[in-house]
Amino acid sequence: VLFRSGRAELSPEGRKALDKLIPTLKDADADHRIEVEGYTDDVPVGKHLKAKYKSNWELSSARAASVVEYLQKKGVDPSRMTAAGHGQYQPTDDNATETGRARNRRTDIDLVPVNSDGSAK
């Protein structure tokens with residue numbers, strides 16, 4: 001899911017992508033936890049954002065939380081979801097280009113099987 005630089009609000013494209021996943025996430029059995037992981041590009045948080053996000057860690061966490069909140073509004077069980085931020089430390093593309101930075105402003109959604117005691121398999 002793409003985000004605009006310095007933003008944690010879902011882009012229209014991001015909402016459309018999530019809307020396509022919602023039926024799958026709702027239908028996933030209760031033996032799976034939904035982990036939402038947020039990421040940023042490597043551009044430091046600017047002065048105008050420092051009051052809201054002190055670092056890319058906080059921005060990436062806010063992105064993950066944004067996705068979790070959206071999924072919850074659309075009926076995905078919130079007790080099965082977690083949100084985590086990774087900052088800029090796990091890029092999937094080169095941060096030297098705008099295209100690469102845009103690809104790094106993302107979230108991943110993982111379905112993780114769990115044991116009967118709630119621990120990951």
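Residues numbered from 1 in each chain as written. Predicted model: local features only at pLDDT ≥ 70, side-chain atom pairs only at ≥ 80, totals over all residues. Heavy atoms only, no water.

Caption draft 1: Layout of helix H1 (residues 12-27). Over its 16 residues, H1 runs 24 Å from end to end, which matches the ideal 22 Å to within 8%, given 1.5 Å per residue. Within H1, the full set of buried residues consists of Gly14, Leu18, Ile22 and Leu25. Lining the buried residues of H1 we find strand E1 (32-38), helix H2 (56-73) and strand E3 (107-113). (Helix = DSSP H or I, 4+ residues; strand = E, 2+ residues; numbered from the N terminus. Expected span 1.5 Å × (residues − 1). Buried < 20%, exposed > 50% of the residue type's maximum accessible area, 1.4 Å probe, protein only. Contact = heavy atoms within 4.5 Å.)

Caption draft 2: Up close: the environment of serine 61. Following the sequence through the fold, serine 61 ends up in helix H2. When its relative accessible area of 33% is taken as the criterion, serine 61 is described as partly exposed. For the pair serine 61 and threonine 82, spaced 21 residues apart in the sequence, the C-alpha separation amounts to 11 Å.

Caption draft 3: Geometry of the packing of H1 against H2. Their axes nearest at 10 Å, the elements H1 and H2 cross at an angle of 55°. Taken together, H1 and H2 sit at an angle that is classed as oblique. Two packed elements cross with a definite hand, and for H1 against H2 that hand is right-handed. Contact with H1, carried on its side by Arg15, Leu18, Asp19, Ile22 and Leu25, involves Val67, Tyr70 and Leu71 of H2 and no other residues of that element. Considered class by class, the residues forming the contact of H1 with H2 number six nonpolar, no polar and two charged. (Axes fitted to C-alpha atoms, helices over the stretch in contact; angles between N-to-C directions. Parallel < 35°, antiparallel > 145°, perpendicular 65-115°, else oblique. Left-handed = near helix turned anticlockwise from the far one by under 90°. Nonpolar A, V, L, I, M, F, W, Y, C, P; charged D, E, K, R; others polar.)

Caption draft 4: Spotlight on the environment of aspartate 42. Tracing the backbone through its elements, the reader meets aspartate 42 in the loop between E1 and H2. If sequence neighbours within four positions are ignored, aspartate 42 has contacts with Asn56, Gln88, Asn95 and Arg101.

Caption draft 5: Inspection of the nonpolar core at higher detail. Core analysis: the largest hydrophobic core is formed by 14 residues, its most contacted members being Val36, Val67, Leu71 and Val76. No other element matches H2, which puts five residues into this core. With residues near it in sequence (within four places) discarded, valine 76 still touches Ile22, Leu25, Lys26, Ile34, Leu71 and Met81. Membership of the second largest hydrophobic core comes to five residues, among which are Ala8, Val45, Leu49 and Tyr53. (Core = buried A, V, L, I, M, F, W, Y, C linked by side-chain atoms within 4.5 Å.)

Caption draft 6: Structural view of the packing of aromatic side chains. As enumerated under the stated definition, the model contains one aromatic pair in all. Judged by centre distance (5.2 Å) and plane angle (35°), the ring pair of tryptophan 57 and tyrosine 89 falls under tilted. Here the residue tryptophan 57 occupies a position in helix H2, and tyrosine 89 occupies one in the loop between strand E2 (81-85) and helix H3 (98-104), the gap between them amounting to 32 residues. On the accessibility criterion, tryptophan 57 (43% relative accessible area) is partly exposed. (Phe/Tyr/Trp six-rings, centres within 6.5 Å; stacked < 30°, edge-to-face > 60°.)

Worth remembering: the numbers are spatial, not functional.
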